[in-house]
Every structure is written in structure tokens, then in C-alpha cells.
Amino acid sequence: MRVDASVHVERAGVAALAKAAHERLGWLCREQPVNDFGVDAILELVENGHTAGRLLGAQIKSGTSWFNEPTRDGWTFRFNDEHAQYWFDYDIPVMIVLHDPISGTLSWQSLSHDTAESTGKDWKVTVPAEQQIDEISVAALTRLARPAREGGDPAEQRFARWLDRLPGEARDRLERTRRRALQDGDTVAARAVERLTDLLQGGPPAKAVSTLLAKAPAWWPADAWGWQLWASVADYANEHLLEPQAAACFNRAVAAGATPAPRWRAFAGLSLIHSDPAQATEILTEAATSPDGRLLADLGLALLEREKIGGRGPLALPASLAEAVEDGSVRSEGTALRFLADQAKDHHDLDEAVTWLETLVSAFPRSDSGRIALARALARRASQGTSPLHEGDLVRARKLADSARAEQRRWGGPSEHPAYVLFHVHLLTGDRDAAIAVALPEPHGQANAREAAAEQLAQAAARVALQLGHPQADDLVDKVSSPVGVAVLNAVRADAQAAEPSNLISLWNHVVELADGDALEERMVAFRSLAELGVWPLPGLEDLVARKVVTDEETSTLHARADIAQGHHQTGLMRLRQLADRSLSGAAALVQSLVELERHTEAVHACDRAAARFGDVEFLQRALRILQRAGRHDEWRHRALLVLSRSSLPQAVRGRCAANSWMTPSIARTGRPSSSMLSPLSPKATPWTCQERPCWRRAHAPDR
């Protein structure tokens with residue numbers, strides 16, 4: 001009877017591993033009588049002459065053919081999905097051992113999702129040449145070996161670990177889909193969910209989604225589970241702001257049988273509003289003809305109409321949305337809730353906006369975009385003096401922004417958006433050092449690489465840093481490259497260096513010329529600065545007022561500041577006194593104007609009235625600065641003790657008060673903070689526009 005030569009080669013590999021385990025590791029090696037599948041041997045760790053019950057499976061491949069695919073570090077070992085599922089789910093860790101019968105070397109690598117890479121159809125691992133079964137590898141192999149069944153089901157542990165690296169909405173859908181598949185006894189579908197989860201967390205988001213769209217893997221389910229996977233990828237792309245790719249994934253879900261199809265088509269249209277308005281219009285118009293897609297389609301078509309007029313300003317409420325509000329079904333539709341909140345903000349009704357956003361966050365607690373929007377609305381309400389609980393709103397806004405930033409950092413999302421809100425919240429509490437730290441990387445701040453590279457955050461922080469003479473101001477300035485951003489910082493730097501008013505007017509007019517529809521914040525900073533330099537009327541302001549982007553109160557504040565700068569003191573102060581009791585921005589402008597006119601006693605009284613009216617601790621701090629500047633030290637000490645007794649006072653502000661270090665270079669020179677410092681002491685006509693498109697499209701949970 002003929003004996004195949006490969007049998008001798010295979011036996012030589014098993015024998016070589018057994019010998020190395022006994023002689024080099026001091027471990028036990030038990031051969032497993034299974035040919036061509038499973039594991040060839042079980043190694044058991046021996047410690048201090050005693051077996052430890054720590055086991056390690058070994059799949060042995062002997063022969064020179066296994067070394068035919070070299071890499072820079074070793075060799076590639078390929079295996080199919082059937083073997084992968086067996087080894088990855090084995091009750092103990094498994095390693096591949098490549099035996100070279102010529103040299104006698106035994107190279108190894110762990111077989112797990114942490115080391116293996118999917119090729120779309122099969123799998124591969126790199127077996128490092130330096131990892132040999134010898135004394136040097138004892139520590140690494142000891143760490144790899146573990147008791148059988150330690151820590152529960154390995155498959156469940158891996159899946160949970162992969163899910164933890166994905167955005168909230170995608171994570172929820174994948175988890176639900178896998179649970180339903182297992183409940184139905186469909187292990188193939190559950191395995192497909194696991195493979196998709198592994199694929200999505202393993203590389204750059206854009207590349208992962210593009211690869212799937214170019215060619216679905218061979219393991220992608222062809223039945224009803226397939227559209228759930230496409231929906232999960234669409235959620236993932238939306239969270240990463242990959243809007244065109246998200247739309248393509250929604251369309252794939254429809255093609256795979258997503259129900260109701262018009263609703264999913266509407267989501268595709270919503271995702272294309274900014275990148276392809278014409279295609280979005282076509283998709284949404286079609287979806288609006290079906291009851292299942294009507295609400296979402298109507299919202300999308302309304303948003304497209306707003307884009308035509310610059311993307312700002314209130315819209316007429318679609319009839320389908322009014323019906324959903326009336327019958328209460330709107331509470332389960334995240335897209336509609338976000339639309340309602342945006343409409344309330346456009347109507348300058350921040351109380352209503354907060355109410356809708358609180359409903360959104362309650363219904364969809366995993367929605368990062370919802371938490372960011374709520375934090376923004378709370379902070380804006382506090383900044384405008386319309387909050388019933390000023391300090392409470394700021395505390396909530398800080399916690400929401402901080403938690404959203406941590407969540408988005410977890411999965412590598414756009415954490416610069418919550419960081420931008422957090423920056424403004426710190427300014428509103430008077431903690432400018434903490435605000436600047438949000439935009440600076442370690443060791444000077446707390447920003448991660450993505451946040452530190454965000455230009456709008458850097459620009460906002462640079463404006464404050466330049467006025468304070470912060471040592472990292474130039475580092476922040478260097479990150480700004482857009483023409484309008486550079487123009488703003490040039491004007492701020494000139495203001496901090498006491499440039500001539502005519503030069504400043506020229507610089508700020510240049511900002512207005514460069515500021516397009518997306519640069520509203522920069523335009524408002526320029527308007528405030530020009531008004532304080534006596535420029536009136538302001539170029540382009542009428543258009544913003546007509547579109548209800550800027551309120552009449554904000555316009556009156558700017559006009560009053562221009563009057564005072566032109567020498568019409570009584571006229572300007574009369575305007576501001578009319579605004580001071582109903583508008584925080586009016587109160588701030590009144591205090592600022594009285595200080596500039598050196599009417600310190602009136603300014604302190606105005607601070608007291610504003611603090612009582614709006615609950616804003618910054619006005620108490622401002623009163624201290626006024627008294628210090630006026631040399632009224634006894635009154636300053638008495639007030640400082642009262643301010644320090646407030647438990648809600650930010651720690652950094654408490655430290656500055658105790659150290660008697662209130663003056664910044666700009667305030668010491670001019671007696672006023674620059675209008676480019678977006679704080680409660682500046683006029684508050686600041687529609688926060690951190691280049692973030694409305695996140696209604698990411699808070700949809702379309703299967704609810």
C-alpha cells in the first residue's frame with residue numbers, strides 16, 4: 001500500500017512541536033486525533049512543576065509550501081471562512097504554527113479577530129518570523145493561553161468589543177439584528193452581522209463603506225437580513241457625515257427589500273440635500289406620493305427650499321408634520337423632532353426648541369447629534385438671558401457637550417462639534433482659559449488630533465487667545481487658513497495692538513466682504529466690531545434682518561453701540577436701557593457702554609440689575625472688574641467675598657477672583673473686552689454656526 005509523502009511531512013510538524021513544547025517551553029503537548037480540520041495539538045502550561053489548567057490549541061502546517069507568500073515581517077497564512085468560524089469560536093485560544101522541515105523552525109501566530117484580516121471572501125494572518133516556539137516566546141504564549149471557558153462566550157465578548165468601536169445608532173441596529181437572527185436560529189445571518197461589525201471598526205470609515213458599495217462580500221445575506229445590514233452601514237455612514245455614501249446605502253437597502261420602501265427612499269433623499277440637491281428633490285418628490293414616505297419627504301423638500309435662500313430662516317410647517325404633532329406620532333420620529341426644534345430656533349423661541357430637543361434626547365438617548373443640539377440650545381438660551389434657570393442651563397449644556405464629545409471620541413466621530421459647543425459654554429461661565437484649552441492639544445489643552453485640527457474651533461479660540469495675550473495664541477492662529485478666518489484674526493490682532501480706528505474699520509469691512517452664507521458667525525463678529533467703531537448702517541445687516549436671522553433687539557443693540565461710538569451718548573444709552581431688562585445682550589452692551597463713558601457707579605448698578613434679572617454670575621464678575629478699574633478697593637473686597645461665596649462659581653473664575661487678577665491686556669488698555677471675544681459681556685447676536693449641518697438626518701432610527 002502506497003503512503004503519501006505529505007503524511008511524513010505532517011507528522012514531522014506535530015513531532016517538532018511536541019519536542020519544542022517539552023524541551024524549550026517545559027509545557028505538555030497532547031496530539032489531537034483529527035485530520036485536516038480543527039486543531040492538531042493542545043498545549044498545557046506548566047508552572048513550577050505543576051500543570052496550571054491553562055490551555056492553547058495549535059494548528060500545525062508543515063512543509064516549505066507554507067512559506068511561499070513572504071511579507072516584510074514573516075509569511076502570510078490564508079484560511080477560509082469555515083475554518084475561521086471554528087478557530088475564532090473555539091473554547092480555548094488557537095494559534096497557527098508553520099513548520100519548516102529544512103531549518104526545523106516553528107513560527108507561530110494567534111488565530112483571532114485581533115490578528116486576522118478579512119479579504120472579503122476569506123481570511124489571512126501574518127505569521128512573524130521572529131515568533132518562534134522557543135524560550136523567548138514563553139511569556140507571550142503564557143499570556144495567550146488561558147483556562148477553558150474563562151470570561152464567558154468568546155464570540156459574545158468579541159462582538160461586544162467590536163460594537164464598542166461603532167457609532168450609537170449603527171451599534172444599536174447591528175446588535176438588534178444579530179439578536180433577532182439568533183432568536184430565529186439563523187446562525188449564518190448572525191455570523192454576517194459579526195463580520196460586518198468587524199469590517200466597519202477595522203479601518204477608515206470612508207474606505208470601509210466605499211469597499212462595501214463597490215462589491216458586497218460573498219458572505220452578505222441574500223435574504224431579508226441583507227437590507228438590515230445595508231441599513232446599518234447607512235447609519236454608520238451618516239454618523240461619520242458621509243452623506244452621499246449613506247444615501248447609496250439607503251438605496252441598497254431598498255433594493256434588498258427594505259420595508260416600507262418609500263420611507264427608506266426618503267432617508268436617501270434627506271442624505272443628499274447638501275451634496276446633490278437635484279437628486280434629493282427627485283427622490284423626495286417620489287417618496288412624498290406614498291403615505292409611508294410622506295412625512296420625511298415633506299421635511300426634506302422644505303429643507304431644500306430653505307437651502308435656496310441661504311439655509312437660514314423659518315419655514316412654513318408641512319401639513320404632514322402638523323398632523324404628526326397633533327396625533328402625537330411625532331414623538332417617535334427623530335427627524336421631525338429635530339426639524340421642529342430648528343424651526344423654533346429660527347423663530348427665536350428657544351424655550352420651545354429646548355422642549356423639542358429634550359423630547360428627542362429622551363426618545364433617542366444614543367443620538368449624539370441630539371445631545372449636541374440640546375447643549376447648543378441651552379447655552380444659547382442662557383447667553384440671551386431668556387433662561388428661567390441660567391446657571392442650571394449652563395451646567396446641563398456643559399455635561400451634554402462633554403458626554404457627546406467623549407462618545408464621539410470613542411468611535412472616532414466628529415468630536416469637534418461638541419467641543420465647539422463646550423468652548424462656548426466655558427466662555428459663557430467666564431472661564432476663558434478652559435475655553436481655550438478645549439481647542440489646544442496636550443500638554444497645553446485637552447483636544448484630540450481631530451479637534452485640534454478643526455479650523456472653526458481654532459479660529460474661535462484664537463480670537464479669545466489674541467485678546468488675552470495667551471502664550472498659545474500663535475499656535476491657534478497658524479491652524480486657520482480660510483480667507484475669512486485669516487481676515488478675522490488679522491482684525492482681532494490689530495485691535496489687540498491698538499491699531500487706528502480707520503485701519504480697524506478697513507479690516508472689519510474686508511471680513512464682511514469675504515463672509516459668505518456659511519460664515520455667519522464671522523459676519524456677526526465684524527458687525528459688532530464695526531458698530532463699536534461707530535459704523536452705521538452696517539453693510540448686509542438689512543438682509544439678515546429681513547430673513548429673520550438677526551432679531552430686531554439685536555439690531556437695536558448694534559445701532560445703540562454705533563450711536564455711542566459716534567458721540568450720541570444719550571441716544572445710545574436710551575436704546576440700551578430699553579433693551580436691558582428684556583435682553584441679556586442689551587444689558588451687556590449697556591454695562592460695556594457705561595464703562596467706556598467712565599460712569600462706573602451706573603455700570604455697577606446695571607450689573608446688579610442684570611445679575612438679578614438673568615441670573616448670570618458673569619455680571620457680578622464684571623462689577624468687580626469695574627470697581628477695580630475705578631480704584632474702589634474697599635467695595636471690591638466686599639463684593640469679591642460675596643462672589644466667592646457662590647457655590648456655582650467656576651473654579652477657574654474663583655481662582656482669578658481670589659488672586660485679584662481680573663485685567664486682560666485689552667481691557668486694561670481700552671476699558672472694554674473686544675467684541676471678538678464671544679462671551680456674555682459681548683453683544684449676543686451670535687447664531688452659533690460651527691459649520692455643522694442640521695443633524696436631523698442622523699437622529700432617525702427609521703425602524704421605529
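Our structure's up above, just so we're on the same page.
Residues numbered from 1 in each chain as written. Predicted model: local features only at pLDDT ≥ 70, side-chain atom pairs only at ≥ 80, totals over all residues. Heavy atoms only, no water.

1. Description of the packing of aromatic side chains
With the rule as written, the count across this model stands at 14 aromatic pairs. Between Trp-220 and Trp-230, the aromatic rings sit 4.6 Å apart at their centres with planes inclined by 40 degrees, giving tilted as the arrangement. With Trp-220 in the loop between helix H7 (205-214) and helix H8 (225-239) and Trp-230 in helix H8, this pair connects stretches of sequence that are ten residues apart. Here the two residues Trp-220 and Trp-230 agree in accessibility, since each one is buried. (Phe/Tyr/Trp six-rings, centres within 6.5 Å; stacked < 30°, edge-to-face > 60°. Helix = DSSP H or I, 4+ residues; strand = E, 2+ residues; numbered from the N terminus. Buried < 20%, exposed > 50% of the residue type's maximum accessible area, 1.4 Å probe, protein only.)

2. Brief notes about the nonpolar core
In this structure, Leu-196, Phe-423 and Trp-508 are the most contacted members of the largest nonpolar core, which totals 132 residues. Ranked by the residues each element gives to this core, the list is headed by helix H21 (residues 455-468), at nine residues. Residues contacting Phe-423, with those up to four places away along its chain left out, are Ala-435, Ile-436, Val-438, Leu-457, Ala-460, Ala-461 and Val-464. Formed by 30 residues, the second largest nonpolar core is a distinct cluster that contains Cys-607, Val-617, Leu-620 and Ile-626. (Core = buried A, V, L, I, M, F, W, Y, C linked by side-chain atoms within 4.5 Å. Contact = heavy atoms within 4.5 Å.)

3. Some remarks on the pattern of salt bridges
Per the stated rule, a full pass over the model turns up 38 salt bridges. Salt-bridge contacts for Arg-366 lead to Asp-172; the nearest nitrogen and oxygen are separated by 2.6 Å. One end of the pair, Arg-366, is in the loop between helix H15 (350-363) and helix H16 (368-383); the other, Asp-172, is in helix H5 (residues 168-183), with 194 residues separating them in the sequence. Using a relative accessible area of 34% as the deciding quantity, one classes Arg-366 as partly exposed. On the basis of relative accessible area, Asp-172 is assigned to the buried category, the value being 16%. A salt bridge links Arg-577 to Glu-602; the nearest nitrogen and oxygen atoms lie 2.9 Å apart. Pair noted here: Arg-577 is in helix H28 (residues 569-580) and Glu-602 is in helix H30 (residues 600-614), with a separation of 25 residues, a long-range link. Several salt bridges converge on common partners, so that one network encompasses Asp-164, Arg-171, Glu-407 and Arg-410. (Salt bridge = Lys/Arg side-chain N within 4 Å of Asp/Glu carboxyl O.)

4. Regarding unusual backbone geometry
Outside of glycine, negative phi angles account for most residues, and trans bonds account for most peptide bonds. Residues Thr-259 and Pro-260 are joined by a peptide bond in cis, for which omega reads -10 degrees. Secondary-structure assignment places Pro-260 in the loop between helix H9 (243-255) and helix H10 (261-271). Backbone torsion omega between Glu-442 and Pro-443 reads 10 degrees, so that peptide bond is classified as cis. Looking at the secondary structure, you find Pro-443 in the loop between helix H19 (432-439) and helix H20 (449-452). Even without glycine at this site, Leu-241 takes up a positive phi of about 65 degrees. Mapped onto the elements of the fold, Leu-241 is located in the loop between H8 and H9.

5. Some details on the environment of Asp-235
Along the chain, the position of Asp-235 falls in helix H8. Classification of Asp-235 as buried rests on a relative accessible area of 2%. When the C-alpha positions of Asp-235 and Glu-169 are compared, they lie 6.2 Å apart, and in sequence the two are 66 residues distant. A polar contact of 2.8 Å, which involves the side chain of Asp-235, links it to the side chain of Arg-173. (Polar contact = N/O pair within 3.5 Å; in protein donor to acceptor, adjacent residues only side chain to side chain.)

6. Comments concerning the pairing of strand S6 (residues 106-110)
Of all the five residues making up S6, five are buried; the element is thus mostly covered by neighbouring parts of the structure. Here five bridges tie strand S5 (residues 94-99) to S6, and the two strands are oriented antiparallel to one another. Residue Val-97 lies in a different strand from S6, and its bridge partner there is Trp-108. (Pairing = 2+ DSSP bridges.)

7. Some words on the pairing of S5
The element S5 is largely enclosed, with a buried count of six among its six residues. A two-sided burial pattern is seen for S5, the buried positions comprising Val-94, Ile-96 and Leu-98 on one face and Met-95, Val-97 and His-99 on the other.

8. A short note on helix H17 (residues 390-410)
In this model H17 runs 31 Å from its N-terminal to its C-terminal C-alpha over 21 residues, within 8% of the 30 Å that 1.5 Å per residue would give. Those residues of H17 not exposed but buried are His-390, Asp-393, Leu-394, Ala-397, Leu-400, Ala-401, Ala-404, Arg-405, Glu-407 and Gln-408. Viewed end-on, H17 has its buried residues packed into an arc of 165 degrees, placing them on one side of the element. After H17 finishes, the residue Gly-412 shows a positive phi value of roughly 70 degrees. (Expected span 1.5 Å × (residues − 1). Arc of directions from axis to C-beta.)

9. Describing the packing of H30 against helix H31 (residues 617-630)
Two numbers describe how H30 lies on H31: the axes approach to 8 Å, and their chain directions differ by 170 degrees. The orientation of H30 relative to H31 falls into the category roughly antiparallel. The handedness of the crossing between H30 and H31 is left-handed. Here His-600, Ala-603, Val-604, Cys-607, Ala-610 and Ala-611 of H30 come into contact with H31, specifically with Phe-619, Leu-620, Arg-622, Ala-623, Ile-626, Leu-627, Arg-629 and Ala-630. Partitioning the contact of H30 with H31 into residue classes produces eleven nonpolar, one polar and two charged. (Axes fitted to C-alpha atoms, helices over the stretch in contact; angles between N-to-C directions. Parallel < 35°, antiparallel > 145°, perpendicular 65-115°, else oblique. Left-handed = near helix turned anticlockwise from the far one by under 90°. Nonpolar A, V, L, I, M, F, W, Y, C, P; charged D, E, K, R; others polar.)

10. Focus: the sheet that holds strand S8 (residues 123-128)
Pairing within the open sheet is antiparallel, and its three strands lie in the order S4-S8-S7. Across the chains shown, the open sheet's two edge strands, defined by having one partner strand only, are strand S4 (74-79) and strand S7 (117-118). Bridge count between S7 and S8: two bridges; the pairing is antiparallel. Bridge assignment links Glu-117 to a residue of S8, and that residue is Lys-124. On top of the sheet, helix H2 (residues 81-88) reaches S4 and S8; it is set at about 100 degrees to S4, its chief contact.

Interpretation note: all reported values are geometric properties and have no functional meaning in isolation.
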